[in-house]
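# Structure at a glance
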Amino acid sequence: MRSAWRDADAGRPSLIVLTGDAGVGKSRLVRELETVVREEHGLVLHGQCLELSHGELPYAPLASALRSADTAEVARALSELPIEARRELARAFPDTIGETPAETTGEDPFGQSRLFGWILSLLRQLSNRASVLLSIEDSHLADTSSRDFLRFLAQSLRSEHFLVVVTLRSDELHREHPARALVSELTRLDAVGQIAVAPLSEAEIGRQVQSILGGAPPPELVHRLYTRTQGNPFYTEELLAAGIGDDDGLPASLQDALLLRADRLGQSARTLLRIAAAAGRPMDEALIERASGLAPLEIEAALRECIDHNVLVCDRRSGEYHVRHALLAEAVYADLLPVERASLHRRLATALDEHALAQTAGERARHWQLAHDPRRALLASIEAGARAERVFGYGEALAHFLRAVEIWDREPPEAQTTPLDRVALLTRAARAARWIGDSDAACDLCQRALGGFDHGADPLRAAHLLERLGRYQPWNVESSLDAFRRGLSLLPGECPAERMRFYVDEALEFSFLGRWEDAKARAADAVELAQGDATLASESAARALLGTAIAFLGDPGAGERDLRDALVLARQSGSTEELVQIYLDLGEVLRLQGRIADALEVVLDGEAAAVALGALPFANFMAANAADDLFRLGQWDALGQRLAELARRQLDRPARLLRESVAGRLDAARGQLDAAADHFAAAMELCRDLALVEFVPAVYSGVAELELWRGRPETARERLAEGLAKLGTGENLLHIPSLHSMGARVEADRAELGRARRDRATQAAAGVAAQAHHDRLAESLELNATASSPPEASAHLATCAAELTRALGAPDPRRWKSAAELWRGHGNLYRVAYATFRHAEALVVTRGQRSQAQTALGSALELCRHLGTEPLATEARRLARRGRLSVAIPADVDAHGDTDPRGPALEENPFSLTERELEVLRLLGAGLTNREISQALFISQHTAGVHVSHILGKLGVANRVMAAAVAERLGLVPRG
């Protein structure tokens, strides 16, 4: 722990997950570390998760941590943040941040990620003066939002002066516990470590007992304690306090030992202890006074008694009191009769109601529910849900609204006595479920709301709910369209803004299906209903969809102009969701034109805008899109850095799928086949639930290429068939052509294998299959001749045609040259390298074009060196050996761009060795490259008295014996 703190102080942040059973010493360890940090002038932020059964309070441990900090330091750090940051933080932490809270409706999908960013900014500002230790205790009790923040924080650590310590009870982590998934996710990150605090040994228990008693304990006492406690130091301490000196033995259980402490208290002190145990969180004197009903002097005496008996602890910084240990609170609470528990919860609820702060609504709801007062529990649950929405705690809002519905269904309230009716509760719950990513729950809740009233009596409300239902299932296009149709049929005629939203929704769904004419028509209908500033957000979305449809229908230039106009409108409207979506659409339309570099620039701008607006899911998806563009452009070093950075982010499913797909393609191209297989396995698993056209082709064509590099064309063929089956009849020309060109390549490889094995059946079948891939793609391009065909589609068709000649046993150099030129036209260097290699191969096969083959192969090898693609480079070198080509290969830079210490480039055959001599070199010196052999021969001609075998041995130590055999066979050195 000290080592991790030293690293944090040096700008190497980390997060430590501290696990162990209750009472094993986790909290003591954290307190000791906090002492070290304070002695070294660090800043300690101590957060405590609350013992509330439903995690009702969003960001509870973060609020606790900020309260524990020096007020002046927090104020200084806040002053360095923008005003909008201070306002959003004030809304989440009203008792800590002295700023006017920002207004919000709770309808903000990016609000929480934006808030997380501001919390991180605040922590960074705090760390500018002193390194920060943030400890979060008992995270097995953490609310959903706090768990999400810990994920965000762990993935955001870079060079901050932070150490984050998170404790949790391992004995609480049953299989379905949400903290179990949190620990699993966190410990996979490089910046996260785990320390398990183990129980003490018997000898250590002996030292503990000696320290407590001030003298050596009897060995039999130590043995009895160790046997009973199994090395748990807290249990040991309690048993000692309860039973030492008692010849009849120790208490039967830890609970008995803990209750002995409570039983020694007077009546008033026992009342305070019970109230604190039921409260589940620290209490100040004002709350204690209101909940206990005792006089001030009586409270003072009772508090002193509790502290002297070590059952309550006072935090002198905050002036709050809490039960000494969670196990003691649990024992005291478990010992209460049901009627006593209900009475205590009523006292606490009433006390909190007297000063009904928004941030205590969740507590009040819980206490009223446990006090068996459903009316007040319902009202507090509704208030708590609304409060959680306002601070983007959508997980907590969902829990509160669902609890309110449950109470409502069990004991319906009187009419007009609640701020929301049952349908509104279900609607708000559905919205919260959507924002936490639970689409199934959102749809189910929406359906329940629709079933809760007469649609004829309130058609507008029904229409609104049907629109939500359609939006909550965007990937189930037919169901969404059906919901929109039903909603439109109910919509009254005097609702142009609502009708406009429906049209935008329908246009979006049509775009998912590639029904561009329908999308264009609906988007145009929506634009016609625009009403100036009142509908700017909807108008920007409509114009963006219109532009995208126009682009895919044949006029990408006009579509791009519409999208850029939509971008201006989205900025004016302040609609974050519309703005970031338009950046994505504009990038796609630029790719449609083959302008990959321009698309990369747009998505990088969009990523920056999304980060600034807190739309982190969109920022992550655009970052993954940028990675895809970098792969196509051959900027693979930058791509490697971006993929590593993406691996540290908390990605949603689409962004994660795209990252895995790009990482798999990069690793396969560079020869890291096992790593590629892992990435593709993850991508294919994600494709099972998210079978969108734009993802499937890249994944399945990529995994097919991997299988080809592994020498398994039949498996490659199976993967391509799976990909095509997922697509059905879809023919999106921006994405699908890669499956057909890879399919033709697989069949060409199968045909060549069939020829080598004299398997005419396989050879013939492969030729037919290659022809089918070519014809299907050609037909698709012809059917869409009126539309603007993406340049990549034409390049894929040219590749298909060239692979077909290879499959038929007559590779055509002109076809391959044409494909290479098309790929070069929009900068896809990897595909240029592959097509150029095949061009050289076809020239070798057709014979008589040796010099052209050498030139083409040299170009391919140079591209392979630039990209670092080893499998393709290996194939090219094999072709050079097989075709006896003399190729100039740079020797000063190796395949991965590193400087080669062996000197300048040399031709492979500068001394005009005979073909027979070269063949002997190739066959016997197979472990050496031609460049190494050539360099050895060059040196041998200019270095008197140095044997060639020695030179070759120096260049390839592992092949020393083979090198000597080669030189001897050629007569360049004496035998032996």
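In the block above lies the structure referred to throughout.
The structure displayed is predicted, hence computed values, not measured ones.

A few words now on the nonpolar core. Residues Leu639 and Leu857 are the most contacted members of the largest nonpolar core, which totals 111 residues. Among the elements that line this core, the one with the most residues is helix α31 (residues 616-633), at 11 residues. Each residue touching Leu857, except ones within four places of it in the same chain, is listed here: Phe837, Ala840, Ala876, Leu879, Ala880, Leu885 and Val887. Grouped together as the second largest cluster of nonpolar side chains are 92 residues, Leu62, Phe162, Ala179 and Ile382 included.

Turning our eyes to something else, we now look at the pattern of salt bridges. Any two side chains of opposite charge can pair, given that their charged atoms come close. Taken as a whole, this structure holds 68 salt bridges when the rule is applied. For Asp482, the salt bridge identified is with Arg486, shortest N-O distance 3.8 Å. Remark: Arg486 and Asp482 occur in helix α24 (residues 477-490); sequence separation between them is four residues, near one turn of the helix. Classification of Arg486 by relative accessible area gives partly exposed; the value is 35%. One salt bridge in this structure joins Asp674 and Arg710, with 4.0 Å as the shortest N-O distance. Here the residue Asp674 occupies a position in helix α34 (residues 673-689), and Arg710 occupies one in the loop between α35 (696-709) and α36 (713-727), the gap between them amounting to 36 residues. Residue class for Asp674 comes out exposed when judged on its relative accessible area of 59%.

Packing of helix α5 (residues 83-92) against helix α6 (residues 111-126) leaves a shortest axis separation of 10 Å and a crossing angle of 105°. In this view, α5 runs roughly perpendicular relative to α6, as classed from their interaxial angle. Every residue of α6 that contacts α5 at Glu84, Ala85, Glu88, Leu89 and Ala92 is listed here: Arg114, Leu115, Trp118, Ile119 and Leu122. Looking at the contact of α5 with α6 residue by residue, the classes come out as seven nonpolar, no polar and three charged.

Turning our eyes to something else, we now look at the environment of Asp284. With respect to the secondary-structure elements, Asp284 resides in the loop between α13 (267-279) and α14 (285-292). Counting along the chain gives 37 residues from Asp284 to Tyr321, while the straight-line C-alpha distance between them is 6.3 Å. If sequence neighbours within four positions are ignored, Asp284 has contacts with Gly319 and Glu320.

To continue, consider the packing of aromatic side chains. To describe a pair of aromatic rings, you give the distance between the ring centres and the angle between the ring planes. Tallied over the full model, the rule gives 15 aromatic pairs. Ring plane angle 85° and centroid distance 6.4 Å describe the contact between Tyr59 and Phe116, whose orientation is recorded as edge-to-face. You can see Tyr59 sitting in the loop between β2 (43-48) and α3 (60-68) and its partner Phe116 sitting in helix α6, a full 57 residues away along the chain. The pair formed by Tyr59 and Phe116 is uniform in burial state, with each residue classed as buried. Seen in terms of ring centroids, Phe484 and Phe502 are 6.2 Å apart; in terms of plane orientation they differ by 80°. Their pairing is edge-to-face. Pair noted here: Phe484 is in helix α24 and Phe502 is in helix α25 (residues 496-512), with a separation of 18 residues, a long-range link. Here the aromatic cluster, defined as three or more aromatic residues joined through ring pairs, consists of Tyr59, Phe93, Phe116, Phe149 and Phe152. Its end group placed over the ring of Phe631, Arg665 keeps NZ or CZ at 5.4 Å from the ring centre. Positioned above the aromatic ring of Tyr834, the side-chain terminus of Arg745 is 4.2 Å from the ring centre.

Calculation criteria
- Residues numbered from 1 in each chain as written.
- Predicted model: local features only at pLDDT ≥ 70, side-chain atom pairs only at ≥ 80, totals over all residues.
- Heavy atoms only, no water.
- Core = buried A, V, L, I, M, F, W, Y, C linked by side-chain atoms within 4.5 Å.
- Buried < 20%, exposed > 50% of the residue type's maximum accessible area, 1.4 Å probe, protein only.
- Helix = DSSP H or I, 4+ residues; strand = E, 2+ residues; numbered from the N terminus.
- Contact = heavy atoms within 4.5 Å.
- Salt bridge = Lys/Arg side-chain N within 4 Å of Asp/Glu carboxyl O.
- Axes fitted to C-alpha atoms, helices over the stretch in contact; angles between N-to-C directions.
- Parallel < 35°, antiparallel > 145°, perpendicular 65-115°, else oblique.
- Nonpolar A, V, L, I, M, F, W, Y, C, P; charged D, E, K, R; others polar.
- Phe/Tyr/Trp six-rings, centres within 6.5 Å; stacked < 30°, edge-to-face > 60°.
- Lys NZ or Arg CZ within 6 Å of the ring centre and 35° of its normal.

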